[in-house]
Amino acid sequence: MNHGTALSFVRMTQADNPHYEKAMGLYAQSFPYHEQREPSSQAAVLNKPAYHFDMLFDRNVFVGLMLSWQTEGFVYVEHFCIMPDLRGRGYGGLALAQLARLGKTVILEIDPPVDAVSIRRKRFYEAAGYKANPYSHVHPPYHAGCKGHPLVVMSQPRGLSAAEYEAFRLYLNEAVMRE
């Protein structure tokens, strides 16, 4: 990444946005089926006030997605990805730093660090100031017939108290996954 990077978050609130198809292509490429919302659910949450479907741009170049839920107490990053050919150029860290400037606790989930890719991902988030939390966590299923999957909850700028984790877990189950 060069020093002239100007990363911007462009919020999308309608599925008829001309960039939606391109964004959903990256989404489908970046996450396994069991970690993706149903297409109808994804389109339905776009206009929810707490939901931010942000396309990330470096000037006019599409570099990634940051899909988050912004509450009074915290920001939950449901999905975050950078274009595969642009990974390793600093965009991910820049996007996380920009999110941190909201001044709220930021929460996200990662796969348990059991292989080279998941270990590298955990280190990336730790380098950005995230802490792994000790709570046993299973993300609810997005699709009928699928089971929830165990994930590690990470948060920034510090770990979550048991009460904060419980507030997040309830929000995930009662707001995020209701759609």
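Overview of the structure. If you're wondering where the values come from, they're calculated on a predicted model, not measured in any experiment.

1. As for the nonpolar core
Part 1 of the reasoning: Core analysis: the largest hydrophobic core is formed by 53 residues, its most contacted members being Phe53, Leu65 and Phe80.
Part 2 of the reasoning: Among the elements that make up this core, the one with the highest residue count is strand 4 (residues 74-82) (seven residues).
Part 3 of the reasoning: Among residues more than four places away in sequence, those in contact with Phe53 are Val10, Arg11, Met12, Tyr20, Ala23, Met24, Gln42, Leu46, Leu65, Met66 and Leu67.

2. Observations concerning the environment of Asp58
Part 1 of the reasoning: Turning to its location among the elements, Asp58 is positioned in strand 2 (residues 51-58).
Part 2 of the reasoning: Taking the relative accessible area as the measure of exposure, Asp58 reaches 9% and is therefore buried.
Part 3 of the reasoning: Sequence separation between Asp58 and Ala6 is 52 residues, and the spatial gap between their C-alpha atoms is 5.3 Å.
Part 4 of the reasoning: A polar side-chain atom of Asp58 sits 3.2 Å from the main-chain amide nitrogen of Ala6.

3. Quick notes on helix 1 (residues 20-30)
Part 1 of the reasoning: Within helix 1 the residues assigned to the buried category are Tyr20, Ala23, Met24, Leu26 and Tyr27. Buried positions in helix 1, seen along its axis, are confined to an arc of 155° and lie on one side of it. Away from its buried face, by an angle of more than 90 degrees, helix 1 presents the exposed residues Glu21, Lys22 and Gln29.
Part 2 of the reasoning: At its buried positions, helix 1 is contacted by strand 1 (7-12), helix 2 (39-45), strand 2, strand 3 (61-70) and strand 4.

4. Focus on the packing of aromatic side chains
Part 1 of the reasoning: Within the structure shown, the criterion is met by 12 aromatic pairs.
Part 2 of the reasoning: Between Phe74 and Phe168 the ring centres are 6.2 Å apart and the planes differ by 80°, which places this aromatic pair in the edge-to-face class. Remark: Phe168 occurs in helix 5 (residues 162-174) and Phe74 occurs in strand 4; sequence separation between them is 94 residues. No difference in accessibility class separates Phe74 from Phe168, as the two residues are buried.
Part 3 of the reasoning: Their ring planes at 15° and their centres at 4.7 Å tell us that Tyr135 and Tyr165 sit as a pair that is stacked.

5. Brief notes about the state of the cysteines
Part 1 of the reasoning: All told, the structure shown has zero disulfides when counted by the stated rule.
Part 2 of the reasoning: Free cysteine: Cys81, not disulfide-bonded; nearest cysteine sulfur from Cys146 at 19 Å.
Part 3 of the reasoning: Judged by relative accessible area, Cys81 falls into the buried class, the value being 6%.
Part 4 of the reasoning: Residue class for Cys146 comes out partly exposed when judged on its relative accessible area of 27%.

What counts as what
- Residues numbered from 1 in each chain as written.
- Predicted model: local features only at pLDDT ≥ 70, side-chain atom pairs only at ≥ 80, totals over all residues.
- Heavy atoms only, no water.
- Core = buried A, V, L, I, M, F, W, Y, C linked by side-chain atoms within 4.5 Å.
- Buried < 20%, exposed > 50% of the residue type's maximum accessible area, 1.4 Å probe, protein only.
- Helix = DSSP H or I, 4+ residues; strand = E, 2+ residues; numbered from the N terminus.
- Contact = heavy atoms within 4.5 Å.
- Polar contact = N/O pair within 3.5 Å; in protein donor to acceptor, adjacent residues only side chain to side chain.
- Arc of directions from axis to C-beta.
- Phe/Tyr/Trp six-rings, centres within 6.5 Å; stacked < 30°, edge-to-face > 60°.
- Disulfide = S-S within 2.5 Å.

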